[in-house]
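Listed below are the residues making up each chain.
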Amino acid sequence: MVAEPASSAASLRILCIDGGGIKGYTALLILRRILRTLAAEASDGSPPPRPCDIFDLIAGTSTGGIIAVMLGRLHMTVDECIEVYERLGKEVFGKPVGGQLGRIIRGMAGSPFYELADLQRHMRNIIEKKGIASSELFAEKEQPKCKVYVPRRVE
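Just so you know, these numbers come straight off a predicted model, no measurement behind them.

Chemist: I'm lost on the pairing of strand S1 (residues 14–17) in this one. Help?
Modeler: Taken residue by residue, a regular strand's side chains alternate between the two faces of the sheet. On S1, burial follows the alternation: Leu15 and Ile17 on one face are buried, whereas Ile14 and Cys16 on the facing-out side are not. Pairing of S1 with strand S2 (residues 57–60), which is carried by 4 bridges, proceeds in the parallel orientation. What sits directly across from cysteine 16, in S2, is alanine 59.

Chemist: Please explain the side chain of aspartate 56 as it appears in this structure.
Modeler: Counting through the fold element by element, aspartate 56 comes out in the loop between helix H2 (51–54) and S2. For the buried aspartate 56, no salt bridge exists, and the shortest N-O distance to an oppositely charged side chain is 5.6 Å, to arginine 13. At 2.7 Å, the side chain of aspartate 56 and the backbone nitrogen of arginine 13 are in polar contact.

Chemist: Sorry if this is basic, but what is going on with the pattern of salt bridges here?
Modeler: Once their charged atoms are close, side chains differing in charge can pair, the charge on each being opposite to the other. The final tally for this structure, using the stated rule, is 6 salt bridges. Across the salt bridge formed by aspartate 79 and arginine 32, the nearest N and O atoms sit 3.3 Å from each other. Remark: arginine 32 occurs in helix H1 (residues 22–42) and aspartate 79 occurs in helix H4 (residues 78–93); sequence separation between them is 47 residues. What makes arginine 32 partly exposed here is its relative accessible area of 24%. Given a relative accessible area of 38%, aspartate 79 falls into the partly exposed group. Here the salt bridges do not stand alone but share partners, grouping Arg32, Arg36 and Asp79 into one network.

Chemist: Before we go on, may I ask you to explain the state of the cysteines in this structure?
Modeler: Should the sulfur atoms of two cysteines be covalently bonded, the bond is a disulfide. Per the stated rule, a full pass over the model turns up 0 disulfides. Counting only cysteine sulfurs, cysteine 52 is the nearest neighbor of cysteine 146, a cysteine outside any disulfide, at a range of 6.1 Å. When its relative accessible area of 3% is taken as the criterion, cysteine 146 is described as buried.

Reading guide: rules and limits
- In this numbering scheme, every chain counts its residues from 1 along its sequence in written order.
- Only residues with pLDDT of at least 70 are given local features in this predicted model, and only at 80 or more are side-chain atom pairs given and counted; all residues enter the totals for whole chains, interfaces and linings.
- To obtain the side-chain values, all non-hydrogen atoms of the structure were included, while hydrogens and water were left out.
- Three labels apply to residues, based on accessible area from a 1.4 Å probe with only protein chains included: buried if under 20% of the type maximum, exposed if over 50%, partly exposed otherwise in between.
- Counting from the N terminus, the helices are DSSP H or I runs at least four residues long and the strands are E runs at least two residues long.
- Pairing between two strands is assigned when DSSP locates at least 2 bridges connecting them.
- Positive charges come from Lys and Arg alone, negative charges from Asp and Glu alone, with His and the N- and C-terminal ends not counted.
- Any Lys or Arg side-chain nitrogen found within 4 Å of a carboxyl oxygen on Asp or Glu counts as a salt bridge.
- The definition of a polar contact used here is a pair of N or O atoms within 3.5 Å, where within protein one atom must be able to donate a hydrogen and the other to accept one, and adjacent residues in sequence count solely through side-chain atom pairs.
- Note that a disulfide, as used here, is simply two cysteine sulfur atoms within 2.5 Å.

This is the structure:
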């Protein structure tokens, strides 16, 4: 493979993903293209690497934070993440609460445009499918090869 694993790189490798609906999806498409190019350049027939195997830190804001968790903590491939993100887009983000007027009011108030309970339920399902019980501490049991940073909003 052309890219060295994160642990052997001479410098810190950071991936930062901006949030905000389509921006997160676009970032995933660009990342998939980059990783497929890396795999093609290796010309050994290996699949594209997982972001958690290349980056030391994956950070994200808003929906980019969700992507950072999926790629970094849950060790998903970019294709797995895109599939989940598309489903979240339809089932959670595609249902604005209160219609267009509700969206405007929520935006002015700084509130989310979607139901947090729906997002939490979907995220719990994703985490449980990766073998992590909802009662379990979300931290890695061993030294993580890739760390994740998601800033929280301070009011």
